[in-house]
Structures are given as structure tokens and as C-alpha cells.
Amino acid sequence: MSEGAEATIQGSRRGALWLATLGFFGGFAGVAVFGPMVPRFVEILGLTPLQAGLMAGIPNLTGSLLRIPFGAWVDRAGGKKPFLWLLSLTLVGMAGLLVVLGTSYPDNMDGLFPVLMGLGVLIGCGIATFSVGISQVSYWYPQRQQGGPLGIYAGLGNTGPGIFSWLLPAVVASLGILTAYGLWFVGLAIIVVVYAIFIKDAPSFQLQKQGAEAGREELQRHGQDLIPTGSTWAGLRSAAGVPATWALVYFYFISFGGFLALTAWLPTYWTQTHTVAATTAGLLTLMFSLITALIRVPGGMLSDHVSIRYALTGNFLLIILGAGWIALSASFSAAVVATIVIAAGMGLQNAIVFKLVAFYVPNAVGGASGWVGGLGALSGFLLPPIMGAIAGSAAGDLAYARGFLVVAGLAVIGILGVGWLTNWTWQSRPEQSKGDSR
């Protein structure tokens, strides 16, 4: 590549990291679009526990499945275009929600449950920005330095649902539901504009658009040592052919998908089991969300320096302990402590999983990010209605708590998966297993 072509590289890895984090924060907040308000919609629409779970989790359906194609699309188009498509669809969904609330809330909501579910599908598109941003940031940074930046991106971006779970009920109580969602829409629109103006794709994508080429050594001078496949589906196929990809999918199904599910479900659990006010339930959900999200930052940094062979198992044990504790205890204070334990286990596990993506699938990071982020996050949609169905069939004061047994059971299976992954690593990649078995 000529010196002139080198001079055309715009942006910086630090700028890409913070802009991607900002965009993900805005899109990911869609996890909480209904969750904090589900108790109120239950009253207005007469929803069953199963329907309440579906409403809380519906944004995670598209937020999960769209991670697969959009995460892989990064390998061909860079991150900016997929990111903007997802955020724009979220804005359309938010606009539709404002129309429904402005014309029908609260007295004319009969029959609008399917409409709200459809809008939740649209708003959930922003959640899928996660896999796009993971690849976007990964292509800007050398592999040996990715743990910290990915921890910052995921950790700070993941605070969105918790913050909105806390703010939304408070703003609704003081300013009304239409104003609350209207402010959300305006804030998201500002984030989209800032991201669109200032974000730059990684060096290889910039050179590709200019018709220039650069070898691996030249790109490494710009901090990029992961080379995209250049094909959306080739990245998915390549990643799917690596058995470790599917172990990581399951690990993420428990940790990150579980985080999504509980962020959406906890407001209902707190109000129904412990009869706290919606604002208090929002604050408790914020606590869970912030701990899960922010612990990813040190967790990601530690993953650059510490062997994680036993950390995976330890984190699953934390999830089992916390989930089992909540399911079997009627104590409010015990439930708060157990929530913190679950948050720590899920957050640390989340930081480890995406560090391992680049380790196991270095030639198709975008494709692997799509599979892991997409299918792994799908439990954010699947778990709330399952937990709601259990609550509807169980009896007693702990009906809404019993659903946490599902989370504990999934984590037990996860420990078995860690053993399989460790054996697979030693058998298929013995040269990388020595000294630091990942």
C-alpha cells in the first residue's frame, strides 16, 4: 500500500470504541422498553403471567436473532452500515409506540397486545447492535489487546437496560408515560446522529472502499491483525465449522441471555413476590444490571492476563448458588444478596466468552460473534415466558421465584460444557493449551 493510501485512514481505535459503546448503549436499552412497565400493562390489558413474560422478553427475539446476520455482515461491509440499520429500525418502533400510547393509553388499549408485541419486535432491533459493535471494535484492536476494550464496550453498553429500568417508572410517575417514552425517543435519535457522523470503520474496510489493498503486516501497523473474510455467509459457515463455537453459544445462552431475561423479568418478580413499588423494583433491577454490566470491564481486563480454565466453572457455580437461593427463599434481603451473586457470575462469564471468540475463531470473528451473540442471547426471549408459565402453574408466595430454578439448571449443564471444551482444546490445539489452557 502506498503512503498516500496510508494517509487516507481516518478515525482511531479509541474513537471507534467510544462511539460503538454509545450506539450500543442506546440500542441495547430496548431490553427494558416494556419490562419495568409490565405490571402496569398487566392491569390495563389483563395479562396472564405467561403473557407478561412474553411482553417483557419480546424485544430480545429480534435482538437475538438479528445478531447472526448483522454480526456476520460486518465481515463484508464494516460496522457502520449494519449498526445504523438496526438503530433506525429501533427508532421506527419507538415512534410507533408513541403513536399507540398517544392515541389509546390507558382507556382504549383493549386488543392492542399484539400491536405492542409487534412494536417490541422492532424496538428489539437495537439490541442486535451488540454483535456488530463487538466485531467493529475487534477489527480496530490487536488480538492481544482486545480484552480491555471489549470489556469496556460490553460493560458500559450493557448499563442501558438497568438505567432505563430505573428511570422509566420514575419519569412515568412524575411526567406521564407518553413524555417518558418521548424523551427516550429523542435521546436515541441524538445518539444515532452522533454515531452516524463520527464513526469510522476499521482500516481494512476503509481501504476496501477506496479500492486499495494492504497485507497483514501493513494492517497491523494500524492496529488491525484480524482480517475479515469479506463474505457475510462465509464468516458464518467458517465459524459454524468450529465445534468450540457451539460451546461458547451455550455459555452465552446462560450468562448473557440470562442477563437479558432477568433484566426484563426482575421488575415483575420484585413487585409480585415482595410487593415493592414499581420504582423500587426498577432500582433493584438497576442494581442487578449495573453489577452484571460493569463487572465485565475488570473481567475483560483480567482475561488478558489470567488463565480462565477454572474461571468458567467458578462463574457457573455463582449463578447456580444465586438462582437456587432466590428460588427457595422467601426472604427479601436474601433475594437481594442472591441477585448480586447471579450478577457477578453472569457478568464475569460474559467478559470471558467474547475473549474466547477471537481465540477460537480468529479467521471469522464476525461470523462467530453472530452465532454466539445471536443464539446465545435468545434465552433473553425464551426464559421470561418459561418463568411466567412456571409462576402461573406454581402456588404460594414463591410462585414467581420458582422460575429461577431453570436458570440454575442451565448453569449445571454449562459446567459439563466447560469440561468438554477443555478436553477439546487439549486434543485439537495442544500447542495453545500448554501453559494457559483457555
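In this text, all values refer to a predicted model and were calculated from it rather than measured experimentally.

Reading the values: the criteria
- Residues numbered from 1 in each chain as written.
- Predicted model: local features only at pLDDT ≥ 70, side-chain atom pairs only at ≥ 80, totals over all residues.
- Heavy atoms only, no water.
- Helix = DSSP H or I, 4+ residues; strand = E, 2+ residues; numbered from the N terminus.
- Buried < 20%, exposed > 50% of the residue type's maximum accessible area, 1.4 Å probe, protein only.
- Contact = heavy atoms within 4.5 Å.
- Areas by Shrake-Rupley, 256 points an atom, 1.4 Å probe, with all protein chains shown as cover.
- pLDDT = per-residue confidence, 0-100.
- Phe/Tyr/Trp six-rings, centres within 6.5 Å; stacked < 30°, edge-to-face > 60°.
- Lys NZ or Arg CZ within 6 Å of the ring centre and 35° of its normal.

1. A word on the overall build of the protein chain
Logical step 1: When helices and strands are counted, the protein chain shows 24 helices and zero strands.
Logical step 2: The buried share among the 438 residues of the protein chain stands at 60%.
Logical step 3: Of the contacts formed within the protein chain by residues at least 6 apart in sequence, a portion of 85% connects residues at least 24 apart.
Logical step 4: A total accessible area of about 15600 Å² is found for the protein chain, and carbon and sulfur atoms account for 66% of it.

2. Examining unusual backbone geometry
Logical step 1: Following Tyr105, the chain continues to Pro106 via a peptide bond in cis, the omega torsion being -5°.
Logical step 2: Within the secondary structure layout, Pro106 lies in the loop between helix 7 (80–104) and helix 8 (113–123).
Logical step 3: The backbone of Thr275 sits at a positive phi, close to 50°, despite the residue not being glycine.
Logical step 4: Secondary-structure assignment places Thr275 in the loop between helix 16 (243–274) and helix 17 (278–294).
Logical step 5: On the basis of relative accessibility, which here comes to 68%, the residue Thr275 falls in the exposed class.

3. Looking at the confidence of the model for the protein chain
Logical step 1: A residue-level look at the protein chain finds 89% of positions with pLDDT of 70 or above and a mean pLDDT of 87.
Logical step 2: Low pLDDT, under 50, characterises residues 1–7; the predicted model gives this stretch twelve contacts beyond four residues in sequence or across chains.
Logical step 3: With pLDDT under 50 throughout, residues 433–438 is counted as low confidence; its partners more than four residues away or in other chains account for 16 contacts.

4. Notes on the packing of aromatic side chains
Logical step 1: Counted by the stated rule, this structure contains 25 aromatic pairs.
Logical step 2: Ring geometry for Phe24 against Phe130: centres 5.2 Å apart, planes inclined by 50°, an arrangement best described as tilted. Pair noted here: Phe24 is in helix 2 (residues 13–28) and Phe130 is in helix 9 (residues 129–140), with a separation of 106 residues, a long-range link. Across the pair, exposure class does not vary: Phe24 and Phe130 are buried alike.
Logical step 3: Among the aromatic side chains, those forming a connected cluster through ring pairs are Phe24, Phe28, Phe130, Tyr153, Tyr252, Phe256, Phe259 and Phe288.
Logical step 4: The cationic tip of Arg13 hangs over the ring face of Tyr141; the distance from NZ or CZ to the ring centre is 5.3 Å.

5. Some remarks on the environment of Gly419
Logical step 1: Mapped onto the fold, Gly419 is located in helix 23 (residues 404–428).
Logical step 2: According to the relative accessible area criterion, Gly419 is partly exposed, its value standing at 32%.
Logical step 3: In this structure, the C-alpha to C-alpha distance between Gly419 and Thr313, residues 106 residues apart in sequence, is 8.7 Å.

6. Looking at helix 6 (residues 67–77)
Logical step 1: Most of helix 6 sits inside the fold, with nine of its eleven residues counted as buried.
Logical step 2: Those residues of helix 6 that fall on the buried side of the exposure criterion are Arg67, Ile68, Phe70, Gly71, Ala72, Trp73, Val74, Asp75 and Ala77.
Logical step 3: Just beyond helix 6, the residue with positive phi is Gly78, at close to 80°.

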